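Secondary and tertiary structure notes
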There are 2 protein chains.
Amino acid sequence: MDPFASPQNLDKELRSLLAQASSNLCDWFAESASQGPMPYSFELPEVYPAKEGVSNDVLLSELQLLMDGSYRPSHPGSLAHLDPPPLSASIAGELICAGLNNNLLADELSPSLSSLERNLCKWFCHKLGLGDLSGGVAASGGSLSNLMALVMARNNSGLETDPKAVFFASHDCHVSFSKAFRIMGLKQESLQKVSTDENGALNISSLRTSLNKIKSQGKKCFAVVATAGTTVRGAIDPLSEIAKFCKKENVWFHVDGSIGGIYGLSEMTSEIVQGLGFADSLTINPQKLLGIPKTSSLLLVANKNHLSSTFSTGLPYVEPISGNDFHGGELGIQGTRSAETLKLWIGLRQLGEEGIEKILLGSIKRRCYLESIIDRSKFKIISGPLHLLAFTPINYSSSQSSDWSLKTRNSLLANKFMLSRPMYGHRYYLKAVMGNPNTKFDDLKMLANLINHSIS
Amino acid sequence: MDPFASPQNLDKELRSLLAQASSNLCDWFAESASQGPMPYSFELPEVYPAKEGVSNDVLLSELQLLMDGSYRPSHPGSLAHLDPPPLSASIAGELICAGLNNNLLADELSPSLSSLERNLCKWFCHKLGLGDLSGGVAASGGSLSNLMALVMARNNSGLETDPKAVFFASHDCHVSFSKAFRIMGLKQESLQKVSTDENGALNISSLRTSLNKIKSQGKKCFAVVATAGTTVRGAIDPLSEIAKFCKKENVWFHVDGSIGGIYGLSEMTSEIVQGLGFADSLTINPQKLLGIPKTSSLLLVANKNHLSSTFSTGLPYVEPISGNDFHGGELGIQGTRSAETLKLWIGLRQLGEEGIEKILLGSIKRRCYLESIIDRSKFKIISGPLHLLAFTPINYSSSQSSDWSLKTRNSLLANKFMLSRPMYGHRYYLKAVMGNPNTKFDDLKMLANLINHSIS
């Protein structure tokens, strides 16, 4: 078979390859429940290209080995992390995206898809309450969205080359911010971590004290990061209060809504993340709960011009764009990009607003249910208003809880439940993420039973 | 249809959706030649999710609108940029990747696929002459790979927070380096551009002079960037000489091989990019010529430890990895990532070493042929040893060549040839990229004829 489809004649071999791959993928889904979340062991196919290319049959059997050795996000017991099973329509969308191979770098390389991205970002901005000047750009992951926001905030403050410039975020902010300051050429103390309250949310009075302190040291602040959905317990920082604070102090307000921002899409849940619309910039990750295959992250900004003023370099080798807008490659860190918004768009069309709401509400219901059946006389449970909860035995020493977490995680895995084991506040927890729509109440009953019996 | 495939039963609706999408994609390929590289106009489907989700039939017809409004990289006249048609096997690979939805952040979220990435990077390192300590990581695009290399180089030099630290690259280096210094908190003059020779390659004696100059100003250098394949003409900087220079000066040697590095994979062409193996870090973009659907970029490093020492933050919520290695999220800027190496791996397996060689040699042959039939009495041609060439009328003023380039680009487009129109040395050129395997010598004859008649 010619490795490239003909532009003149129907490539029947390609069609049959894709049909067979699709069929194998459907079988993989169908057998997921009879396997576990994780393979016991796995075998890799041939990694290196042979001298001659191999046939489609060989490719398919090699693909099968990789599939057999993969994590299975759709297993009902897959509750470890923020990787839900993918939406059917989005799988089809990604297939088309790969076939088109358009480039979001410039409109002339992706006419319809560049427009789609612009319009879809506008929809998100509108739903989440950002104003008329708002807009956004897709990025390959939340770490990139957060990094772009910080670079933009620093650029906007005129502190571009001040390695002592400071930004604030809570102790429970995502690790990507620790990566960001290194990339940005900032000192370690540029990331000033603010204490959290008993719910895991940023303490606003500590923020005030911390800002005054760095000011008295002659340092300047270019951003405050609020987390809407912390990694371990899904806590929401006080968005409206921080927004007010930032406005008064004339500091950029970034919301890392990678985990929780998506709840702003439904009226039934938007109260949880009230204040999102005050953000100067906002990271939102449809890859985390809505089932858009990764990566699917958006950076939304209240004033879209800040993106281009920070990242535009001119593209001296493509045609200028008509109107006031900028090419996709001028709005962020990435240049060449695939049309990641295609799978986002088609997934949302498949769900409809009602389907989105159902996912959001379902995730919270599952968390509430599990929370209600874990034995509180044995466990300390930490959770917020979202779909995450973590727990650790009460009255255990730190080393006892470490032993318990390891042992219990393994025994849960043997029972086909996969939870993660985060370190939080110098103590190990087990953590369940309730983003898997295949997890039923009966599964949770079984899980809680195993958990409750993990200590005598 | 349930938007998520069941983990217990075969989802026939998903299978039929994927089969239909595949079939539509195959039709889209088959009709490409009868369309042009660019749609004359396009219509967007409904962008926003409706209240209720829509049926698969509606989704497919909406997808079709997007496809009709897309750029067609497989049209034989699509020669504008570095976006070739995609390999058949890689389209299937991307479909599977979306379905698995595994996460390269951590091994426990992508057991077989994390191993695949590690092993495939090793293969590239080996083929390109990097040593025993080498390794790499996939990144969503060359701009990210280049940025990661610079951050790593700066980190390694101990100049992490010196905004005056300098790196060198030629005047013809990629625009991503201009973006990089802003992201990294460096001053504009941190990117010191070195003059090029008459072939568009970095002038090594200018490099020497420039380094001495910044040293006398008390500034320090953390990297020299060599470009293996410049954007407009595909020039190759003198890699071995720069490597020697860097070794003597104890400065990090990064090769931006986004365009040309791939020629190092075949013995028939590797001489063109001799010296790649001396790099401390190397960007290579299989998305640009091999037909791996974007994005597909690798950052390879001579000593893999430099990746983790620069980007590792610890991942307090996943299980530690066994052995000496690091999780995927600890080796670069990105955290959550899809398994981009899956489509790279399967594409290489489909091609085999012979297929890779055929693509590389074919691209050069087409460039040589076109170069030989453009009328040199009318045009100045600039090109290098690769698959890129650009040309502009001789004896035209700058404004005449601007008029000519616009008019000619449009009339070529009307004849279904799409070239790009870069500004180079204060003058407009037209540029042809010979990475499209569907372009035949007859097409090129027609193209040259149009070009030669574009001026009287």
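Rules behind the numbers
Residues numbered from 1 in each chain as written. Chains lettered and ligands numbered in written order. Predicted model: local features only at pLDDT ≥ 70, side-chain atom pairs only at ≥ 80, totals over all residues. Heavy atoms only, no water. Least-squares fit on C-alpha atoms with pLDDT ≥ 70 in both. Salt bridge = Lys/Arg side-chain N within 4 Å of Asp/Glu carboxyl O. Helix = DSSP H or I, 4+ residues; strand = E, 2+ residues; numbered from the N terminus. Buried < 20%, exposed > 50% of the residue type's maximum accessible area, 1.4 Å probe, protein only. Core = buried A, V, L, I, M, F, W, Y, C linked by side-chain atoms within 4.5 Å. Contact = heavy atoms within 4.5 Å. UniProt positions renumbered as here; feature names shortened; annotations may be inferred. Pairing = 2+ DSSP bridges.

Superposing chain A onto chain B requires a rotation of 180° together with a translation of 0.0 Å along the rotation axis, leaving an RMSD of 0.0 Å. Both chain copies can therefore be described as sitting about a two-fold axis. Closest approach to the rotation axis within chain A is made by the C-alpha atom of Met-184 of chain A, at a distance of 2.1 Å.

Counted by the stated rule, this structure contains 32 salt bridges over all chains. For Lys-127 of chain A, the salt bridge goes to Glu-353 of chain A, with nearest N and O atoms at 3.0 Å. Here Glu-353 of chain A lies in helix H10 (residues 340-373) and Lys-127 of chain A lies in helix H4 (residues 111-128), a separation of 226 residues in the sequence. A relative accessible area of 27% places Lys-127 of chain A in the partly exposed class. Here Glu-319 of chain B and Arg-409 of chain A are joined by a salt bridge, their closest N and O atoms 3.9 Å apart. Placement of Glu-319 of chain B in the loop between helix H10 (305-311) and helix H11 (340-373) and of Arg-409 of chain A in helix H11 (residues 398-414) is noted, with the two residues assigned to different chains. Classification of Glu-319 of chain B by relative accessible area gives buried; the value is 15%. We classify Arg-409 of chain A as buried; its relative accessible area is 7%.

A few words on the nonpolar core. Core analysis: the biggest nonpolar cluster contains 174 residues, and Phe-124 and Leu-300 of chain A together with Phe-124 and Leu-300 of chain B have the highest contact counts within it. In this view, Phe-124 of chain B contacts Leu-265, Ile-284, Pro-286, Leu-298, Leu-300, Leu-344 and Leu-348 of chain B; residues no more than four positions away in its chain are not counted. With 64 residues, the next largest nonpolar core counts Ala-139, Ala-149 and Val-225 of chain A together with Ala-139 of chain B among its residues.

Residues and elements named next belong to chain A. As recorded in UniProt, the sites labelled "modified residue: N6-(pyridoxal phosphate)lysine" (unreviewed entry) are Lys-288. Summarising the element assignment, Lys-288 is placed in the loop between strand S6 (281-284) and strand S7 (297-301). If we skip the residues at most four places from it in the chain, Lys-288 touches Leu-82, Pro-84, Ser-258 and Ile-259.

Let's shift gears to the pairing of strand S1 (residues 135-139) of chain B. Residues and elements named next belong to chain B. Judged by how many residues are buried, S1 sits mostly within the fold: five of five residues are covered. Because side chains alternate across S1, one face comprises the buried residues Gly-135, Val-137 and Ala-139, and the other comprises Gly-136 and Ala-138, equally buried. Direction of pairing for S1 relative to strand S7 (residues 297-301): antiparallel, over a ladder of five bridges. Bridged to Val-137 within S7 is Leu-299.

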